[in-house]
Amino acid sequence: MVIKTKDIAFKLICIGIFVTPHILRLAFFKTQWAIINVITWIGIIFLLRRYVRQGRVQIAKRSNGGIGNPLWICLLIACFIICGIGISTFSYESLVKYIYATLAPLILLYVTVPFEENDKQVICFCNYLTASCTFIVLMGLLDIIFGTGFGKFIADYTQTESLFELLRTGRMVSYVGHSLLSTELMLLCFLFNTLKHYYIKKNEPMVLVVYNCVMPAIGIGVCGSKTGFVLFAISFAVLYVNRKGLKYVILIVAAIYWALSMGFFDSVLHRFEIGLSMGDLSTGRNTNLVLLWKSGVLDFHFLTGHAGTTLSEKMIAALEYPPLRWAYLFGVWFSVAMCIILFVIPIFKCIKYKKFKVLFALLIIIADVNSYNGITTIGDQMLIYCVSVLLLLNLARRTEYNE
């Protein structure tokens, strides 16, 4: 039996992201080039090769004037290379890594997927997401209840200082690494399973719908993310407090209340208390940003940046927000271009398709990825974001014709 690439390509993308996260690849292979997610990119290449042949990659389109299509992305990369070479502190090696991790995934945002294939991809993405988040939550609860030390094992294995710092502050470390990335996966799990329930599998068992709400909520509580907690609360209120979702609310709220009474939300509630006592719920980000801006230490240039320079602890905190970090590292022009391609154009596309729930999910994801510097690093975060937006835009397009 011949296995068609279209049946395995997207599975390879999910396996690379959820089964072999970059922090484990780096620790296992012990080389900096392990940042390259080989499995995921094999899947992407298979998909793109077939979609280009079918004319499903937007090379130019009158509806958006060609803005954000692959030709513009290639121009962005070319300009980035020129400006990057002009930054004396930015090495050629770092330039290549950044192009791979941050710029190459952008092409996924402008691929048109056949309707039926998009349904299968969303379901596949949900299955891998749910399995990943279930494992993260299970390991986190075992650490809390029985002190199994799974998080400590991951920190020791990867020898990553930021993970040791998380453990010292009582926050969870998972197999994907930082608790903020784990939180992002929890939000994606909740949002995508909810959209799947609304648009694709409308007759899912109630127990499964409740599980896909409660499990990510507990996961966010264990991760201790204040932003994730707020975004989940808003998402739940908007997506479930309505005529169709109201029948699930009582069970979901009861289960979350039980988890609260068991102490699974103690970490995030404690961090809220600390933030309120400090007068800064952003864990020092906003305070450091204002302080460094007023002192004149933070200086932004339009065409050049400070990539490659060593950032102080206060500078790292102040530049936690991706648009600010891009502007500081590579220039304001680069930050503006990235924000237009990554956030503005997808939002306008969702508005065009008039799918409120999909647009809302996109806005929540955008808010989350802009709350920490994940998509500015050389890990898998940009891949995760671009794959998510690829699915959302095609889901919005699919429902436009299906409903």
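Residues numbered from 1 in each chain as written. Predicted model: local features only at pLDDT ≥ 70, side-chain atom pairs only at ≥ 80, totals over all residues. Heavy atoms only, no water.

1. Some details on the packing of helix α6 (residues 115-146) against helix α9 (residues 179-199)
And then number 1: Packing of α6 against α9 brings their axes to within 9 Å, and their N-to-C directions diverge by 140°. Considering their axes alone, α6 and α9 lie oblique with respect to each other. Note on packing geometry: the crossing formed by α6 with α9 is left-handed. Across from Val 122, Ile 123, Phe 125, Cys 126, Leu 129, Thr 130, Ser 132, Cys 133, Ile 136 and Val 137 in α6, the residues of α9 making contact are Ser 182, Leu 185, Met 186, Leu 188, Cys 189, Phe 192, Asn 193 and Lys 196.
And then number 2: Residue classes in the contact of α6 with α9 are distributed as 13 nonpolar, four polar and one charged. (Axes fitted to C-alpha atoms, helices over the stretch in contact; angles between N-to-C directions. Helix = DSSP H or I, 4+ residues; strand = E, 2+ residues; numbered from the N terminus. Parallel < 35°, antiparallel > 145°, perpendicular 65-115°, else oblique. Left-handed = near helix turned anticlockwise from the far one by under 90°. Contact = heavy atoms within 4.5 Å. Nonpolar A, V, L, I, M, F, W, Y, C, P; charged D, E, K, R; others polar.)

2. Section: the environment of Val 249
And then number 1: Along the chain, Val 249 falls in helix α12 (residues 246-261).
And then number 2: Among the residues examined, Val 249 registers a relative accessible area of 15% and is labelled buried.
And then number 3: It is 9.3 Å that separates the C-alpha atoms of Val 249 and Ala 237, two residues lying twelve residues apart in sequence.
And then number 4: Contact partners of Val 249, with chain neighbours within four places excluded, come to Phe 236 and Tyr 240. (Buried < 20%, exposed > 50% of the residue type's maximum accessible area, 1.4 Å probe, protein only.)

3. Quick look at unusual backbone geometry
And then number 1: If you check the backbone angles, Lys 30 has positive phi at about 55° while not being a glycine.
And then number 2: Considering the arrangement of structural elements, one finds Lys 30 in the loop between α2 (22-29) and α3 (38-53).

4. Thoughts on a nonpolar patch on the surface
And then number 1: Taken together, the side chains of Trp 33, Ile 36, Val 38, Ile 42 and Val 96 make up a nonpolar region of the molecular surface, amounting to roughly 420 Å² of accessible area.
And then number 2: Relative to the assigned elements, Trp 33 resides in the loop between α2 and α3. (Patch = residues over 30% accessible without salt bridge, like charges linked within 9 Å, V, L, I, M, F, W, Y side chains within 5 Å. Areas by Shrake-Rupley, 256 points an atom, 1.4 Å probe, with all protein chains shown as cover. Salt bridge = Lys/Arg side-chain N within 4 Å of Asp/Glu carboxyl O.)

5. A word on the nonpolar core
And then number 1: Ranked by internal contacts, the top residues of the largest apolar core, which has 134 residues, are Leu 106 and Tyr 385.
And then number 2: If near-sequence neighbours (up to four positions away) are discounted, Tyr 385 is found in contact with Leu 342, Phe 343, Leu 362, Ile 365, Ile 366, Val 369 and Ile 375. (Core = buried A, V, L, I, M, F, W, Y, C linked by side-chain atoms within 4.5 Å.)

6. Description of the pattern of salt bridges
And then number 1: Counted by the stated rule, this structure contains eight salt bridges.
And then number 2: The partner of Glu 93 in a salt bridge is Lys 97, with the nearest N and O atoms 3.7 Å apart. Remark: Lys 97 and Glu 93 occur in helix α5 (residues 92-103); sequence separation between them is four residues, near one turn of the helix.
And then number 3: Here Glu 165 makes a salt bridge to Arg 168, at a shortest N to O gap of 2.9 Å. Of this pair, Glu 165 and Arg 168 both sit in helix α8 (residues 161-168), three residues apart, which is roughly one turn of that helix.
And then number 4: What makes Arg 168 exposed here is its relative accessible area of 54%.
And then number 5: Where salt bridges share partners, they join Glu 161, Glu 165 and Arg 168 into one cluster.

7. Considering helix α4 (residues 70-86)
And then number 1: Its 17 residues place the ends of α4 24 Å apart at the C-alpha level, agreeing with the 24 Å of an ideal helix rising 1.5 Å per residue.
And then number 2: Taken residue by residue, α4 has Pro 70, Ile 73, Leu 76, Ile 77, Phe 80, Cys 83 and Gly 84 as its buried positions. The buried residues of α4 occupy an angular sector of 140° when the element is viewed end-on, so they sit on one face. The exposed residues of α4 that point more than 90 degrees off its buried face are Leu 71, Ile 82 and Gly 86.
And then number 3: Close packing links the buried residues of α4 with α5, α16 (322-330) and α17 (332-353). (Expected span 1.5 Å × (residues − 1). Arc of directions from axis to C-beta.)

8. Notes on the side chain of Thr 376
And then number 1: Following the sequence through the fold, Thr 376 ends up in the loop between α18 (356-369) and α19 (381-402).
And then number 2: Residue Thr 376 is classed as buried on the basis of its relative accessible area, which comes to 5%.

9. Description of the packing of aromatic side chains
And then number 1: Under the defined criterion, the tally for this structure stands at 28 aromatic pairs.
And then number 2: Here Phe 190 and Tyr 240 contribute two aromatic rings whose centre-to-centre distance is 5.9 Å and whose plane-to-plane angle is 40°, an arrangement assigned as tilted. Of this pair, Phe 190 sits in helix α9 while Tyr 240 sits in helix α11 (residues 226-240), and the two are 50 residues apart along the sequence. Across this residue pair, the class does not change: Phe 190 and Tyr 240 are buried.
And then number 3: Aromatic side chains Phe 330 and Phe 334 sit 5.3 Å apart centroid to centroid with 70° between the ring planes, which places their arrangement in the edge-to-face category. Take Phe 330 and Phe 334: they sit in the same class, and that class is buried.
And then number 4: Through pairs of rings, three or more aromatic residues link up here, namely Phe 80, Phe 90, Tyr 98, Trp 326, Phe 330, Trp 333 and Phe 334.
And then number 5: Seen from the ring of Trp 33, Lys 97 lies directly overhead, with NZ or CZ sitting 5.6 Å from the centre.
And then number 6: One Lys or Arg, Lys 357, reaches over the ring of Tyr 198 and ends 4.7 Å from the middle of that ring. (Phe/Tyr/Trp six-rings, centres within 6.5 Å; stacked < 30°, edge-to-face > 60°. Lys NZ or Arg CZ within 6 Å of the ring centre and 35° of its normal.)

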